[in-house]
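Coordinates in review
Chain by chain, the residues run as shown.
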Amino acid sequence: MRRAGSCGSDVQWCFTQVKGTTDLDVSEADIISTVEFNHTGELLATGDKGGRVVIFQREQETKNQPHRQGEYNVYSTFQSHEPEFDYLKSLEIEEKINKIRWLPQQNAAHFLLSTNDKTIKLWKVSERDKRPEGYNLKDEEGRMKDLSTVTVLQVPVLKPMDLMVEVTPRKIFANAHTYHINSISVNSDCETYMSADDLRINLWHLGITDRSFNIVDIKPVDMEELTEVITAAEFHPHHCNLLVYSSSKGTLRLCDMRAAALCDKHAKLFEEPEDPSNRFFFSEITSSVSDVKFSHSGRYMMTRDYLTVKVWDLNMETKPIEIYQIHDYLRSKLCSLYENDCIFDKFECAWNGSDRLLLNSDFTIPFKPGFPEYS
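The text that follows walks through the structure, step by step, so that each part is easy to find. (Residues numbered from 1 in each chain as written. Predicted model: local features only at pLDDT ≥ 70, side-chain atom pairs only at ≥ 80, totals over all residues. Heavy atoms only, no water.)

A look at the layout of surface pockets
Put simply, the second largest pocket is a space of about 1,000 Å³. What lines the second largest pocket is a set of 36 residues, among which Lys249, Ser283, Thr286, Ser287 and Ser288 lie closest to the centre. For the lining of the second largest pocket, the secondary structure elements donating two or more residues are helix H1 (283-286), strand S23 (308-313) and strand S24 (322-325). It is H1 that contributes the most residues to the lining of the second largest pocket, 4 residues altogether. (1 Å grid on protein atoms, 1.4 Å probe; cavity = no way out; pocket = protein on both sides within 12 Å on 5 of 7 lines; lining within 4 Å. Points joined across faces, edges and corners; volume = space filled by probe spheres on them. Helix = DSSP H or I, 4+ residues; strand = E, 2+ residues; numbered from the N terminus.)

Written out as structure tokens, the structure reads:
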């Protein structure tokens, strides 16, 4: 883990702590596949290829170092998914965690969604530091008493105990995707969420597990006519009717669920005009968008492809307002990257809390467009 501190207009990074091991000789199951902070930053969830979820909690500031952020320590560990086998399709389903998403906290407990290629699960994370004692019909070990021996009624009381973190499965959402799930996003109404695979996006209600509604379907009648796939999808942070999804062609489609039940026609299409002079042999691969994120204000969208990060204004579809070239030196090594499949690696992106920094898996960029709220 690394932490950033701001000094003027510069971003200074300092090493804080390491969780896990720096040994390169690790098992495949221990490799982290996704990470996600909750909305306050107090908890950090990581998922690995072995189907496990490890939750870290930030320690409180100490009196000796009141200005230093607390380090993250292990809060809870649980097995989220197990390997499965689809006998109808003779297909092995890996336990690897593809995505984790926290739900907005509404009470003392925390809730999160985790998914592998096919199944999404809702988990409740809660604390217990008291236990009831003084039952009338049970003894101290929980066994039922002989009712003939119960002659006096007593009021059970709660007594302190060592803190215990309980993680319990609440819902399992399965059997809705033919292809591998690549995205899940919780809606701002806190009641629904969506899941996306290569060709379809489904809308779920958090309280209903046996059915979902298909809201985007780009599967052609003839699969030989398939020209693009869905790579990522996300709900707008404030408007529960708006969502965006990206494609392998580098385009973004903004959909309004008020227009139709099936969003087969997008409300806006964000696509950068192609410059023929910049086209090269691997352009179709490197232009594929691997992640898209709305800013917290809802005004902008950030996309990440293999060689660039782009910032789009929702009010301007013709071109991005900012383009950042990433690792330009890789352009001369794309043939080698193609041969070892590294050219197909996916990179995620995120906004910091104030929308002033663009955070990616391998860099950080200050962002300050010429609009009043940033002046």
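From this point, things continue past the structure.
What to know about the sheet that holds strand S11 (residues 120-133)
The strands that make up a sheet are held in pairs by hydrogen bonds between backbone atoms, and each pair lies either parallel or antiparallel. A sheet is described by the order of its strands in space; here 4 strands give the open sequence S9-S10-S11-S12, paired in antiparallel fashion. Both edges of this open sheet fall to strand S9 (99-102) and strand S12 (157-173), since each of them pairs with a single strand only. For this sheet, the mean angle separating the axes of adjacent strands, direction not counted, is 25 degrees. Both strand S10 (residues 110-115) and S11 contribute to a ladder of 6 bridges, which runs antiparallel. Looking at the pairing, Leu112 lines up with Trp123 of S11. (Pairing = 2+ DSSP bridges. Axes fitted to C-alpha atoms, helices over the stretch in contact; angles between N-to-C directions.)

A short note on the sheet that holds strand S20 (residues 268-270)
Read from one edge of the open sheet, 4 strands run S17-S18-S19-S20, paired in antiparallel fashion. Looking at which strands have only one partner, the edges of the open sheet turn out to be strand S17 (230-235) and S20. Pairs of neighbouring strands in the sheet enclose a mean axial angle of 20 degrees, with direction left out of account. By the bridge criterion, 3 bridges tie strand S19 (residues 252-256) to S20 in an arrangement that is antiparallel. Looking across to S20, one finds that Arg253 is bridged to Leu269.

Details of the environment of Asp355
Here Asp355 shows up in the loop between strand S25 (349-351) and strand S26 (357-360). The class of Asp355 is buried, set by a relative accessible area of 4%. When the C-alpha atoms of Asp355 and Ser297 are compared, they prove to be 7.7 Å apart, with 58 residues separating the residues in sequence. At a separation of 2.9 Å, a polar atom in the side chain of Asp355 contacts the side chain of His296. (Buried < 20%, exposed > 50% of the residue type's maximum accessible area, 1.4 Å probe, protein only. Polar contact = N/O pair within 3.5 Å; in protein donor to acceptor, adjacent residues only side chain to side chain.)

So, the nonpolar core
Counting 13 residues, the largest nonpolar core has Ile201, Val216, Leu243 and Tyr245 as the members making the most contacts within it. When residues of this core are traced back to their parent elements, those giving at least two are strand S14 (192-196), strand S15 (200-205), strand S16 (213-217), S17 and strand S18 (242-247). With 3 residues, the top contributor of residues to this core is S17. Setting aside anything within four residues of it in sequence, one finds Tyr245 in contact with Ile201, Val216, Ile218, Ile230, Ala232, Ala233, Thr251, Leu252, Arg253 and Cys255. (Core = buried A, V, L, I, M, F, W, Y, C linked by side-chain atoms within 4.5 Å. Contact = heavy atoms within 4.5 Å.)

Some details on a nonpolar patch on the surface
Nonpolar side chains collect at one region of the surface, where Leu137, Met144 and Leu147 lie side by side and expose about 320 Å² of accessible area between them. Following the sequence through the fold, Leu147 ends up in the loop between S11 and S12. (Patch = residues over 30% accessible without salt bridge, like charges linked within 9 Å, V, L, I, M, F, W, Y side chains within 5 Å. Areas by Shrake-Rupley, 256 points an atom, 1.4 Å probe, with all protein chains shown as cover. Salt bridge = Lys/Arg side-chain N within 4 Å of Asp/Glu carboxyl O.)

Structural notes on the pairing of S17
Most of S17 is tucked away: 6 of the 6 residues are buried. Where S17 folds back onto S18 in an antiparallel hairpin, the turn is made up of 6 residues.

Here's the deal with the packing of aromatic side chains
Applying the stated criterion to the full structure yields 11 aromatic pairs. Ring centres of Phe85 and Tyr87 lie 4.9 Å apart, and the angle between their planes is 70 degrees; this geometry places the pair in the edge-to-face category. Chaining the aromatic ring pairs together yields one cluster made of Phe281, Phe282, Tyr338 and Phe344. (Phe/Tyr/Trp six-rings, centres within 6.5 Å; stacked < 30°, edge-to-face > 60°.)

A short note on unusual backbone geometry
Keep in mind that most residues, glycine aside, have a negative phi and that most peptide bonds are trans. Although it is not a glycine, Cys190 sits at a positive phi angle of roughly 60 degrees. With respect to the helices, strands and loops of the structure, Cys190 is situated in the loop between strand S13 (183-186) and S14. A positive phi angle, close to 70 degrees, is found at Asp341, a residue other than glycine. Within the secondary structure, Asp341 sits in the loop between helix H2 (334-339) and S25. The class for Asp341 is partly exposed, based on a relative accessible area of 48%.

A short note on the pattern of salt bridges
Under the criterion given, the structure shown has 15 salt bridges. Residue Asp30 pairs with Arg52 through a salt bridge whose shortest N-O separation is 2.5 Å. Highlighted residues: Asp30 in the loop between strand S2 (10-15) and strand S3 (32-37) and Arg52 in strand S5 (residues 52-58), separated in sequence by 22 residues. Residue classification places Arg52 among the partly exposed positions, given a relative accessible area of 25%. Among the ionic pairs, Arg200 bridges to Asp217, the shortest N-O distance being 3.2 Å. Taken together, the residues Arg200 in strand S15 and Asp217 in strand S16 connect sequence positions 17 residues apart. Through salt bridges with shared partners, a single ionic network connects Asp30, Asp48 and Arg52.

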